[in-house]
Amino acid sequence: TGAFDDSSGLDYFTRKQTPSDKAGRQMSNFFSLADLEKNRRQATLMKEQLRQKRNIDWKSYKEQQKKKRFIRNNEWLFKDG
């Protein structure tokens, strides 16, 4: 009937500047959808900087940790007692 329509002809979501789809409205409560792309680019750059900053050889690190665990868990075998 038009009794509750705005005189400007804009629908509710356009007036409130919120997404018209349900998922978009739910996500807009937690973060700004406009800043999402900027945030993702920034996160990718930070991740790349961290990767360049510390170039760790994970295979050797894992082997060192295994050796430490083996010695710690089997320490009683190596003690004279």
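Refer to the structure printed above.
All of these numbers come straight from a predicted model, not from anything done at the bench.

J.: Tell me about a positive patch on the surface, and please be specific about residues and values.
T.: Judged by side-chain charge, Lys 62, Lys 66, Arg 69 and Arg 72 come together as a positively charged surface patch. By relative accessible area, which is 38% here, Arg 69 ends up partly exposed.

J.: Give a description of the packing of aromatic side chains that names residues and reports values.
T.: Using the criterion set out here, one finds two aromatic pairs in the structure. Measuring from centroid to centroid gives 5.6 Å for Trp 58 and Tyr 61, while their planes differ by 90°, and the two rings are edge-to-face. Of this pair, Trp 58 and Tyr 61 are both found in helix H4 (residues 58-73), three residues apart, which corresponds to roughly one turn of the helix. Relative accessible area serves as the criterion here: at 55%, Trp 58 is assigned to the exposed category.

J.: Which residues make up helix H3 (residues 36-53), and what values do they have?
T.: Spanning 18 residues, H3 covers 26 Å between terminal C-alpha atoms, matching the ideal 26 Å at 1.5 Å per step. Little of H3 is tucked away: zero of the 18 residues are buried.

Calculation criteria
Residues numbered from 1 in each chain as written. Predicted model: local features only at pLDDT ≥ 70, side-chain atom pairs only at ≥ 80, totals over all residues. Heavy atoms only, no water. Patch = residues over 30% accessible without salt bridge, like charges linked within 9 Å, V, L, I, M, F, W, Y side chains within 5 Å. Areas by Shrake-Rupley, 256 points an atom, 1.4 Å probe, with all protein chains shown as cover. Salt bridge = Lys/Arg side-chain N within 4 Å of Asp/Glu carboxyl O. Lys, Arg positive; Asp, Glu negative; His and termini not counted. Charge placed at Lys NZ, Arg CZ, Asp CG, Glu CD. Buried < 20%, exposed > 50% of the residue type's maximum accessible area, 1.4 Å probe, protein only. Phe/Tyr/Trp six-rings, centres within 6.5 Å; stacked < 30°, edge-to-face > 60°. Helix = DSSP H or I, 4+ residues; strand = E, 2+ residues; numbered from the N terminus. Expected span 1.5 Å × (residues − 1).

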